[in-house]
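Below are the chains, spelled out letter by letter.
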Amino acid sequence: MSLCKNYATSIMLVMLTASSITVKAQTKPVPQLGKNTIQEVIAAMTLQEKCSLVVGSGKAPRPKMKAGVSSGYVAPPPMIGKTERKVPGAAGNTTAIPRLGIPSLVLSDGPAGVRIDPHRKGDSTHTYFATAFPVGTLLASTWDPSVVEGVGRAFGNEVKEYGIDILLAPGVNIHRNPLNGRNFEYYSEDPLVAGKMAAALINGVQSNGVGTSIKHFDANNQETNRNSVNAIISQRALRELYLKNFRIAITESQPWTVMSSYNKLNGTYTAERHDLITTVLRDEWKFKGFVMTDWGGGYSAVAEERAGNDLIMPGRPDQIEDLMSAVQHDSLSMKVLDENVAHILNIILKSPSFKKYAYSDKPDLKAHAMVSRKAATEGMILLKNEDHALPISKNIKSIAAFGNASYFTIAGGTGSGDVNKAYVISVAKGLANAGYTLDANLETSYTTFINDTTQKLRAIARAAHHWPGPVPELIAADETINQKADNSDMALITIGRNAGEGSDRNLETNYTLTPNEQQQIKKIADSFHAKGKKVVIVLNIGGVIDMNGWKDNADAILLAWQPGEEAGNAIADILTGKVDPSGKLATTFPVKYEDVPSAKNFPGLPAGNPDHVVYREGIYVGYRYYDTYKVKPMYEFGLSYTNFSINNLKISSPVFSGLLTATVTVKNTGKVAGKEVVQVYISAPTKTIDKPAQELKAFGKTRLLQPGESQILTFKINAADLASFHTDASSWITDAGNYVLKAGASSRDIRQTADFKVSKTIVVEKDHNVLKPEVAIEDEYKGN
């Protein structure tokens, strides 16, 4: 009897103990991001949670796709991300896991201003406009990283105050060909300029405690068939041009994220290339953030995760299922998945969403507009100025403004690079604000024509389900032109061109002015010149255009690019002389399109629907080609209303010993205050490898110099700056021999030179032998 009682008591004790263990297990706190280590949080995550975190929160169904071919599919609107969640109009979100304290991140376009919806359902009392800043081509033309960083600081404030964590910018791809529809987003044909400008913007944006996503990694240099085209590029061209821009920017700014591109690179989608995303980006460059796909980029979610592409955007439920299945069936290791999760969590810890920042939805748009206006003036380029046509004479009171873009001025490009801004100051409005009288009848004619034509195009678009094209240029009658020449003191013609995401520019109608446009320019010029009056042309464009057949009709040409929302005011600042033009070209204007080194192989083969494009020009892109092969460009400079001397070049030693310091003295020898850019080029020995005639290695811009004032600019050159990539050794090598350092206002305007010697060959860096093209590349100009 006692044995039974003891046995029963023992059973009860065991049950109580088990019960207490269960209760204890149930009350054990779940790890929380920020309170526990990253590894502890990851260990607590389920497989589904891990796979959900590395896939964006999009809900689109699985698209129909050809085997191995990306569709680039994103739920409507096509190509461009859009969400109605925390921040309406933002491009996308990551997936939140509340039980572990992991918030959702908000990701938003774009490169020239925050792209979100300006109006929200149920909120009629407040607007959510953003500042439209100048486009990348203009910012690069400032040649002043401090100006670009200032734009970034204002830009980043809007990102933060609108509740966004990561800005999907900047775009840093090289201007390989002027027909690329997205060149306006990018900076330059030169990787040093592109890299430095991108780094400046990133540093400015991220100083606000928000992130950036430098894009599109790598070789996304065309829009035609961008979701599937295979860019075939030599290892040397990749290393010296198409990767170097990213390397400079990433090393000097540490962006939170990198966005892989849509295209294939030497046979494999960039988002699926382990050698690109892990070997080069993480192992060689020591990148610490996370990598995301472009929206709908790549083909296989599993291959992307294996490559180290951490986040798949905008995300689909089927991609989560594919990843879970891959882990369960051993085609994706848990170790790789955990590493990718860790990369994302480390960035989430920095984010405003994690820190529960109380964003205001009220950034200082007025102050930022002034930042935009000042930056715009710094990057406008005076291409022509005969007989002091500019600045506008004080005798000029009335102006006849021709051209659609005089009244509907283009602030920036289309697609994800567009910005929902509150206004755009037109060229005509800017001149009126500056005190000039604009011909009212012309303004009425243009605005009526443009509004009526736009309505007709919208009706066509609704029926055809695609936009039929831009509003054609209004062609003024001869009688009207002659009447304006009689009654106005000066003619101003604004030439507008736009392009954007999804397609490249048309050679005949976008790159080249139409016959009607050219004829109208000539008629205006003939009529006004017959009265002894000046004709000024303003180029409101995002990329290079053909200038043959009409440039000689202008007394002055101002390249204003796409200058953001304060466009007209900034243009007027230059035209009136309130600000001295100090912009310089960062991309080449060729005499004719056929002179472009990639003209024969852009956008690839087969013609009309290319599946591959061979970069046969190798390293000979932009000025590297024009200077080496002595092909004269249309323009090679940027003019000023004053003059500068560049003198007294000094180098620290005639023998290179690891670091060379060069100084020059810049003096304003003219009559008005202004700024000057100094570019430093180096010619290197070519005994071991073919090299361009000269390459840009440093640049600097003076402060505002008063007449007679001087400033010394200092430049530092190290061994890596002198090195070329030797494919056979997979190494960056500075060859022994004689070098020439050249300082000037452009590659064609060298003012001072100095010789120095490298006594012994220096192997600067040994890289992995990766990213090999699948086929041999037939050199067009050597340099592969």
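Residues numbered from 1 in each chain as written. Predicted model: local features only at pLDDT ≥ 70, side-chain atom pairs only at ≥ 80, totals over all residues. Heavy atoms only, no water.

It is worth spelling out the overall build of the chain at this point. Along the backbone of the chain there are 22 helices and 28 strands. Expected size for 784 residues packed as a compact globule is a radius of gyration near 28 Å; at 29 Å, the chain falls within 12% of this value. Here the C-alpha coordinates of the chain stretch approximately 130 × 70 × 50 Å along the principal axes. Of the contacts made within the chain by residues no fewer than 6 positions apart, 78% connect residues no fewer than 24 positions apart. Working note: accessible area of the chain is about 30700 Å², and carbon and sulfur atoms make up 54% of it. (Helix = DSSP H or I, 4+ residues; strand = E, 2+ residues; numbered from the N terminus. Rg over C-alpha atoms; globule rule 2.2 N^0.38 Å. Contact = heavy atoms within 4.5 Å. Areas by Shrake-Rupley, 256 points an atom, 1.4 Å probe, with all protein chains shown as cover.)

Turning our eyes to something else, we now look at helix 13 (residues 365-379). Between its first and last C-alpha atoms helix 13 spans 21 Å; for 15 residues at 1.5 Å apiece the expected length is 21 Å, and the two agree. Within helix 13, the full set of buried residues consists of His368, Ala369, Ser372, Arg373, Ala375, Ala376, Thr377, Glu378 and Gly379. Here the buried face of helix 13 lies against helix 4 (136-141), helix 5 (145-161), strand 10 (381-385), helix 20 (567-575) and strand 22 (695-701). (Expected span 1.5 Å × (residues − 1). Buried < 20%, exposed > 50% of the residue type's maximum accessible area, 1.4 Å probe, protein only.)

An ideal rise of 1.5 Å per residue puts 22 Å on 16 residues; helix 6 (residues 191-206) measures up with 22 Å between its terminal C-alpha atoms. With 14 of 16 residues buried, helix 6 is to be regarded as a mostly interior element. Sitting at the amino-terminal end of helix 6 is Asp190, which places a side-chain oxygen 2.9 Å from the backbone nitrogen of Leu192. (Polar contact = N/O pair within 3.5 Å; in protein donor to acceptor, adjacent residues only side chain to side chain.)

We now examine the packing of aromatic side chains. Summed over the entire model, instances satisfying the criterion amount to 20 aromatic pairs. With 5.4 Å between their ring centres and 15° between their planes, Tyr739 and Phe756 make a pair best called stacked. Residue Tyr739 is found in strand 26 (residues 737-746), and its partner Phe756 is found in strand 27 (residues 749-758); the two are separated by 17 residues along the sequence. Judged by relative accessible area, Phe756 falls into the buried class, the value being 2%. Every member of this aromatic cluster is reached through a ring pair, and the members are Tyr620, Tyr625, Tyr626, Tyr629 and Tyr781. (Phe/Tyr/Trp six-rings, centres within 6.5 Å; stacked < 30°, edge-to-face > 60°.)

Strand order in the open sheet formed by six strands is 1-2-3-4-6-9, with mixed pairing between adjacent strands. Looking at which strands have only one partner, the edges of the open sheet turn out to be strand 1 (92-93) and strand 9 (290-292). Relative to strand 3 (residues 166-167), strand 2 (residues 106-108) runs parallel, the two being bridged by two bridges. Paired with Ser108 across the two strands is Leu167, which belongs to strand 3. Relative to strand 9, helix 9 (residues 274-284) is tilted by about 150°, and along the sheet it contacts strand 4 (211-217), strand 6 (257-260) and strand 9. (Pairing = 2+ DSSP bridges. Axes fitted to C-alpha atoms, helices over the stretch in contact; angles between N-to-C directions.)

Moving on, we get to the sheet that holds strand 13 (residues 490-496). Within the open sheet, the six strands sit side by side as 10-15-14-13-11-12. Their pairing is mixed. For this open sheet the edge positions go to strand 10 and strand 12 (437-438), each flanked by a neighbour on one side alone. Summarising the sheet, strand 11 (residues 398-402) and strand 12 pair through two bridges and their orientation is parallel. Its bridge partner being in strand 12, Ser398 is matched across the sheet by Thr437.

So, to be careful, I would describe these as geometric facts and stop short of saying anything about function.
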